[in-house]
Structure formats: structure tokens, C-alpha cells
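# An overview of the molecular structure
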Amino acid sequence: WSLHRSPGSGATRLRSSAEFLLPDYDAAQRVAVYAVLGGIPAYLECLDSHKTLAANVQEEILLDTGMFRVEPFCLVSDEVREPRNYVAVLPLPTS
């Protein structure tokens, strides 16, 4: 979230990172994105606002080449000293 000052009016309002990163999505679409990804800016940056949420999910979450294919392993590696012990029990997503 960040504060945004409207040019000319001087009004200030709170804006979400989704408004900056997904300008072509309306409020309902941003809520749907938040339901899928949460408010993590790095995840939001992976989406293309010119595509539907379904198309983005298909390309970024479900495909083997998408960022989210390796994300569980990256998160475990960031959090523990011996990631191989934990990664060994993570199931690989199936295609």
C-alpha cells in the first residue's frame, strides 16, 4: 500500500500495489488476484495486466516454466539452514 496524491486536487488516498502493477484490472479483478496471490509485489509483477487472471494463472502458476514452479523450493531455502532435508519432503507439482 502507498499514499497517492491526485494531481491538481491535492486529495490523498491509499493505493494498493495491485493498482500500480495491474492498472488494466478493475477492483473486482484485483480482489480475485489478491485471493490467488496475496499482496506480494514480486508475485504481482509476474502477471500481465493485459491478460485475464485465468490466462496469467495458466502461464505463471500451472506451466513448468512459470515462476511459481520453483517458488516453494526458494522459500524453503530462505528459511532453513539445511534446505535439502526439507525439500526432500516437498512434492513436485504435477503438470
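Cut-off values and rules
- Residues numbered from 1 in each chain as written.
- Predicted model: local features only at pLDDT ≥ 70, side-chain atom pairs only at ≥ 80, totals over all residues.
- Heavy atoms only, no water.
- Helix = DSSP H or I, 4+ residues; strand = E, 2+ residues; numbered from the N terminus.
- Buried < 20%, exposed > 50% of the residue type's maximum accessible area, 1.4 Å probe, protein only.
- Contact = heavy atoms within 4.5 Å.
- Areas by Shrake-Rupley, 256 points an atom, 1.4 Å probe, with all protein chains shown as cover.
- Patch = residues over 30% accessible without salt bridge, like charges linked within 9 Å, V, L, I, M, F, W, Y side chains within 5 Å.
- Salt bridge = Lys/Arg side-chain N within 4 Å of Asp/Glu carboxyl O.
- Polar contact = N/O pair within 3.5 Å; in protein donor to acceptor, adjacent residues only side chain to side chain.

### Details of the overall build of the protein chain
Each helix and strand counted, the protein chain has six helices and two strands in total. In the protein chain, the order of α-helices and β-strands from amino to carboxyl end is β-β-α-α-α-α-α-α. Across the 95 residues that make up the protein chain, the buried fraction comes to 22%. A sequence separation of at least 24 residues applies to 31% of the contacts in the protein chain between residues at least 6 apart. Working note: accessible area of the protein chain is about 6,800 Å², and carbon and sulfur atoms make up 59% of it.

### A closer look at a nonpolar patch on the surface
Together, Val36, Ile61 and Leu62 line one region of the surface with nonpolar side chains, adding up to about 240 Å² of accessible area. Following the sequence through the fold, Ile61 ends up in helix α4 (residues 53-62). Look at Ile61 and you get partly exposed, because its relative accessible area is 31%.

### Some remarks on the side chain of Ser49
As for its placement among the helices and strands, Ser49 is situated in the loop between α3 (41-45) and α4. The class for Ser49 is buried, based on a relative accessible area of 13%. Among the polar contacts made by the side chain of Ser49, one reaches the side chain of Asp24 at a distance of 3.3 Å.

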